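This is what each chain is made of:
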Amino acid sequence: MEKLGYLLITGFFVLVTYLALDQLYGLSLVNEFYPDGLIIVLIYGGLFVLFIKVLRERLNNKEDDYYSKEIKK
């Protein structure tokens, strides 16, 4: 699950780099191949997958629950 999140975020940065180079060199082939929402889906999909991973780890960690309930501040 973690690898999928990092893969989506890496895909986002690769695509954004490609788009920046495309604008720099004046190639306008991007709109023919990529839909408008692909960039948004990649970054938010990757961040969502990593958020779910962290949330799942936190909910299943008994040691954190013990320290938050038993240790006085």
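Each value, and the rule that gives it
Residues numbered from 1 in each chain as written. Predicted model: local features only at pLDDT ≥ 70, side-chain atom pairs only at ≥ 80, totals over all residues. Heavy atoms only, no water. Helix = DSSP H or I, 4+ residues; strand = E, 2+ residues; numbered from the N terminus. Buried < 20%, exposed > 50% of the residue type's maximum accessible area, 1.4 Å probe, protein only. Contact = heavy atoms within 4.5 Å. Areas by Shrake-Rupley, 256 points an atom, 1.4 Å probe, with all protein chains shown as cover. Salt bridge = Lys/Arg side-chain N within 4 Å of Asp/Glu carboxyl O. Axes fitted to C-alpha atoms, helices over the stretch in contact; angles between N-to-C directions. Parallel < 35°, antiparallel > 145°, perpendicular 65-115°, else oblique. Left-handed = near helix turned anticlockwise from the far one by under 90°. Nonpolar A, V, L, I, M, F, W, Y, C, P; charged D, E, K, R; others polar. Core = buried A, V, L, I, M, F, W, Y, C linked by side-chain atoms within 4.5 Å. Phe/Tyr/Trp six-rings, centres within 6.5 Å; stacked < 30°, edge-to-face > 60°. Patch = residues over 30% accessible without salt bridge, like charges linked within 9 Å, V, L, I, M, F, W, Y side chains within 5 Å.

Undergrad: Would you take a moment to explain the overall build of the chain for this structure?
TA: Counting its secondary structure elements, the chain contains four helices and zero strands. Every one of the 73 residues in the chain was classed for burial, and the buried ones make up 18%. Put simply, 68% of the contacts in the chain that link residues at least 6 apart link residues at least 24 apart. Carbon and sulfur atoms provide 65% of the accessible area of the chain, an area that totals close to 6300 Å².

Undergrad: Got a minute to help me understand the pattern of salt bridges in this structure?
TA: Pairing is possible between side chains of opposite charge, provided their charged atoms come close. Going through the model one piece at a time under the given rule, you end up with two salt bridges. Linking Glu2 and Lys53 is a salt bridge whose minimum nitrogen-to-oxygen distance equals 3.8 Å. Of this pair, Glu2 sits in helix 1 (residues 2-25) while Lys53 sits in helix 3 (residues 38-59), placing them 51 residues apart in sequence. On the basis of relative accessible area, Lys53 is assigned to the buried category, the value being 17%.

Undergrad: Even after reading the chapter, I still don't get the packing of helix 1 against helix 3, so can you show me in this structure?
TA: Helix-helix packing is described using two parameters, namely the angle between the two axes and the distance between the axes. With their axes 8 Å apart at the nearest point, helix 1 and helix 3 run at an angle of 155 degrees to one another. Judged by the inter-axis angle, helix 1 sits roughly antiparallel to helix 3. For helix 1 against helix 3, the interelement crossing comes out left-handed. Here helix 1 contributes Glu2, Leu4, Gly5, Tyr6, Leu8, Ile9, Gly11, Phe12, Leu15, Val16 and Leu19 to the contact with helix 3, which in turn contributes Leu38, Ile39, Leu42, Ile43, Gly45, Gly46, Leu47, Val49, Leu50 and Lys53. Class assignment of the residues belonging to the contact of helix 1 with helix 3 gives a composition of 15 nonpolar, four polar and two charged.

Undergrad: Please clarify how the nonpolar core should be interpreted in this entry.
TA: Across soluble globular proteins, nonpolar side chains show a tendency to be buried alongside one another. Residues Ile9, Phe12, Leu15, Leu19, Leu42, Ile43 and Leu50 constitute the largest nonpolar core, which totals seven residues. Put simply, the parts of the chain that give this core at least two residues each are helix 1 and helix 3. Among the elements that line this core, the one with the most residues is helix 1, at four residues.

Undergrad: In this structure, what is going on with the packing of aromatic side chains? I would like to understand it.
TA: A complete count under the given rule lists one aromatic pair for this structure. Taken together, a centroid distance of 5.0 Å and an interplanar angle of 70 degrees make the contact between Phe12 and Phe13 edge-to-face. According to the relative accessible area criterion, Phe13 is partly exposed, its value standing at 49%.

Undergrad: What's the story with a nonpolar patch on the surface in this structure? I'm lost.
TA: Residues Leu21, Leu24 and Tyr25 make up a contiguous nonpolar surface patch of roughly 370 Å² in combined accessible area. Within the fold, Leu21 resides in helix 1. Relative accessible area serves as the criterion here: at 43%, Leu21 is assigned to the partly exposed category.

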